[in-house]
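Analysis of the macromolecular model
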Amino acid sequence: MATPADVRSQFEAKLKDSPNNFHPLDLDRVKDEKYLRRVLKHVDNDIKLAVDMLWDIFTWRKSVGANEINESNIRMDYINEGVFFPRGRDIDGCLLLIIKSKMHVKGQKDFEEIKKAIIYWFDRIEREENGNKITLFFDLDGCGLSNMDMELTNYLISLFKSYYPFFLNYIIIYQMPWVMSAAFKVIKSLLPAKGVEKMKFVSKDTLKDFVPPEQALTCWGGKDNYTFEFISEKSEIISKKVTFAEQGDSQHSPGEMLRISPNDTIIFKAENDDISGQITITNMDESVVSFKIRTTSPEKFRVRPSSGVLPSGVSQTILIVVQPGFHLRTVTKDRFLVMSVQIPKADLSQKEITDIWQNSSGSKVDEYRLKCHFPEKAVSKNGNLLEKEPEKSDTVTNALNNLQMNYEVLHRQINKLKIYQFFTLMLTAVAVLLGYLVYKNTEERYCDI
């Protein structure tokens, strides 16, 4: 049977024979045992197909710039509409990615921007759920043919089929109108046999077979009265922001769960205009361990993975990348915290792991604090972070301020124009009415002889 090590070895051999400038964060997936196991399961343990799929995933991610897609460069108005959002879990504990189809009309939005928004959600959920499966939930209640977008549906299927391995639990179609039956027959034909088995058509009465009532929205007849409100990924991390006390050089003592390398300072290096550092954590405990990574300044760093599960004796490399736009002279004051807690087994659902963290007391959680060190040469490689470049930053800021002021002036002028048009229309109506009255009065003054 093929193993993650076999896939890694053959992929690295292929990369050596056919060099490709894949993104460092994607190449880091090759070191992730869990990710490689997902790929193997997706292709029924065929090592050649697994290597080819890895190659195709990294090629696609590079072509669409998946690692650069974030809240600063996507259409946030599309996100805030709440057509796509995660909420609730199915009977297997898998997160629901809900699609409110009634709110989407084909052709009214830029499809390329829609795809970027979907990639944002897929990548964010993959990070937050640590690669565990999700369920695609089509809410078709009240939909008509104008809401049926085959191009969008095909795109969603292609993501699960080719670029997010072993990521789909179910496709739940809720309250499908009869007029869409033909369209979903076409969708079925696009899915492999395993995919067709995952499609579940449900109504209000049968939804409970796949989504527990406490996890279902009230509009579906469930108990969750949630109304969508977008929460920034940064805000979610900041809400869990921690403050680290200074400590001595001694980080570990016999009997602690993890071994951290390096043990007290993360050394950052500059590579390809990115500034990044790595730590490796190893589970030294006899039990399976769940870990989390926290930082005092979550807005400055991208951490992959930021959480996970480690069986006894297994190691995990954590990649930490400095986000562009921050002055590195302040970063050295920041700290990282690695937290770990024992869990009974490695294949727990994300909900079960979350419950363990929430119910764990401080004495059950081990903590490891690390400082940061940046070489001076790295400063000039982090985009516009040099102190010598304020003119460029100021120019952009001024341009944005001018644009905002011009927009506000234009907006006020348009409002005035609307008021003038309203008064013009009213005066025209009054003039017509007066003309009509004058005409009637004049007509009544004359009689037939």
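This text follows the structure it describes.
This section reports on the structure supplied with the text. Predicted, not measured: the structure shown is a model, and the values here were computed from it. (Residues numbered from 1 in each chain as written. Predicted model: local features only at pLDDT ≥ 70, side-chain atom pairs only at ≥ 80, totals over all residues. Heavy atoms only, no water.)

1. A few points about the nonpolar core
Condition: We define a nonpolar core as any set of buried Ala, Val, Leu, Ile, Met, Phe, Trp, Tyr and Cys residues linked to one another through side-chain atoms lying within 4.5 Å. Throughout this description, buried means an accessible area under 20% of the type-specific maximum (1.4 Å probe, protein chains only), exposed means over 50%, and partly exposed covers the range between. Runs of E in the DSSP output that reach at least two residues are strands. Runs of H or I that reach at least four are helices, and both are numbered from the N terminus. Any two residues whose heavy atoms approach within 4.5 Å are treated as being in contact.
Formed by 44 residues in total, the largest nonpolar core has its most connected members in F84, I118, F122, L136, F138, L156 and F184. Taken together, the elements giving at least two residues each to this core come down to α5 (76-80), β2 (95-100), α6 (111-128), β3 (134-139), α7 (150-163), β4 (168-174) and α8 (181-190). Top element by residues in this core is α6. It accounts for 9 residues. Sequence-distant contacts of F84, that is, excluding residues within four places in its chain, are made with I98, I99, I114, I118, W121 and L152. Among the nonpolar cores identified, the runner-up in size contains 23 residues, and M257, V303, V322 and L370 belong to it.

2. Looking at helix α3 (residues 33-42)
Because the α-helix completes a turn every 3.6 residues, residues three or four places apart line up on one side. Under the convention used in this document: Pairs of N or O atoms within 3.5 Å make up the polar contacts considered here, provided that, within protein, one atom can donate a hydrogen while the other can accept it, and that residues adjacent in sequence are counted only when both atoms are side-chain atoms.
Among the residues of α3, those classed as buried are Y35, L36, R38, V39 and L40. As for α3, its buried residues are in contact with α1 (4-17), α4 (47-64), α6 and α7. With a side-chain oxygen lying 3.0 Å from the backbone nitrogen of K34, the N-terminal cap of α3 falls on D32. With its phi angle positive at about 55°, D44 sits one or two positions after the end of α3.

3. Examining the packing of α6 against α7
Just so we agree on the cut-off: Here an axis means a line fitted to C-alpha atoms, over the contact stretch when the element is a helix, while the angle between two N-to-C directions is reported on a 0 to 180 degree scale. Crossing handedness: left-handed means the near helix sits turned counterclockwise from the far one by under a right angle, and right-handed means the same turn made clockwise. Three categories are distinguished: nonpolar for Ala, Val, Leu, Ile, Met, Phe, Trp, Tyr, Cys and Pro, charged for Asp, Glu, Lys and Arg, and polar for the others, with Gly belonging to the last.
Running from N to C, α6 and α7 cross one another at 35°; their axes reach a closest spacing of 11 Å. Handedness of the crossing formed by α6 with α7: right-handed. Touching F111, I114, K115, I118, I119 and F122 of α6 are E151, L152, Y155, L156, L159 and F160, all from α7. For the contact of α6 with α7, the class distribution of residues is 10 nonpolar, no polar and 2 charged.

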